[in-house]
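Each chain, written out:
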Amino acid sequence: MLRVHFTAEDFARIRFAPRPAPLQELHAALTTAVTQRGGLLFAPWRGRILRSLPAASSPLADLVPAGCPPSFLDVIGDTMANGFEQIRATSPGLVRVELERVYGAVLVPRWIRGLHAGDETAWHTLHRAQQAAFETVLAPVWSVVQDLHREEFTRYALTVAEYGVAATLTGLAPGSRLHEGVWEWPGAAPDRDVCLNGRGLVLLPTFHHPAGPLLQDTPGHPAVLTYPAGPGLPPTAGAPSSPPKPLPRS
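All residue numbers refer to positions counted from 1 along the written sequence of the respective chain. With the structure being a predicted model, the display of local features is reserved for residues of pLDDT at least 70 and the display and counting of side-chain atom pairs for 80 or more, all residues being used for whole-chain, interface and lining totals. Hydrogen atoms and water are omitted, and side-chain values are computed over all heavy atoms in the structure.

The next point concerns the pattern of salt bridges. A pairing counts as a salt bridge when a side-chain nitrogen of Lys or Arg comes within 4 Å of a carboxyl oxygen of Asp or Glu. A complete count under the given rule lists ten salt bridges for this structure. Arg3 is paired through a salt bridge with Asp191; the nearest N and O atoms lie 2.8 Å apart. Here Asp191 lies in the loop between strand E4 (182-185) and strand E5 (192-195) and Arg3 lies in strand E1 (residues 2-5), a separation of 188 residues in the sequence. Among the ionic pairs, Arg155 bridges to Glu152, the shortest N-O distance being 2.8 Å. With a gap of three residues between them, Arg155 and Glu152 both fall in helix H9 (residues 142-163), about one helical turn apart. Side by side, Arg155 and Glu152 carry an identical accessibility label, which is buried. Bridged by salt links that share partners, the residues Arg3, Asp191 and Asp193 form one connected network. Starting at the N terminus, helices and strands are each numbered in turn, a helix being any DSSP run of H or I of at least four residues and a strand any DSSP run of E of at least two. Note on exposure labels: buried denotes an accessible area under 20% of the residue type's maximum, exposed denotes more than 50%, and partly exposed covers the range between, all computed with a 1.4 Å probe on protein chains only.

Here is the structure:
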């Protein structure tokens, strides 16, 4: 279960990301593809994506051993270039700590050792891998993702206006509940408590991750909660936008 602990100040600092974040959506899509989330409904999409990924994107698999990504990959940027700039601005100390966390004492792939040492060639390898994956996985459907995000943004704003923040938050995650300042998501793994302590929360819908929240918790920054949204299947090029979801009833 994921438990997000709010203070009164945090409730005042909840905001909805105004635009989709290409890198976050890419990471959600790749996570879904390699972990087989979504079951049989996602099987045709998963097979197509895994077959079409270019060799240039393969370093991304090295960077996420055992499905455990380093936290510095989680950024909210409006473009791929802006997102990578934010990643590249990560302090060298945090890069080293996170790579050691996900890899342990032995940094096996050579380019990962370069990233750990701050080598510019290794950063170029990461940038090229992310761009290659984006062009294959998301570029063909990015306009659909943008349309879906606008719909979700509007739905969130209308629901807050009519029903308030508490009903809106639980409406984003069926089965979740808000009790005494704690937002609980049953079934989210691993079991985790996140205390916002006045930092606030950014809500970001994803249309390529069918189950459970993804939560970025970087000290000194607002937490970012990426939650499943949309029609329930990955967007396809030229697909119509999804019908609006019903608002929660009081």
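Having seen the structure, we can now continue with the description.
Turning our attention to unusual backbone geometry. A positive phi is found at Glu180, a non-glycine position, where the angle reads about 50°. Within the chain, Asn197 stands out as a residue other than glycine whose phi angle is a positive 50°. Tracing the backbone through its elements, the reader meets Asn197 in the loop between E5 and strand E6 (201-206). Judged by its relative accessible area of 63%, Asn197 falls in the exposed class.

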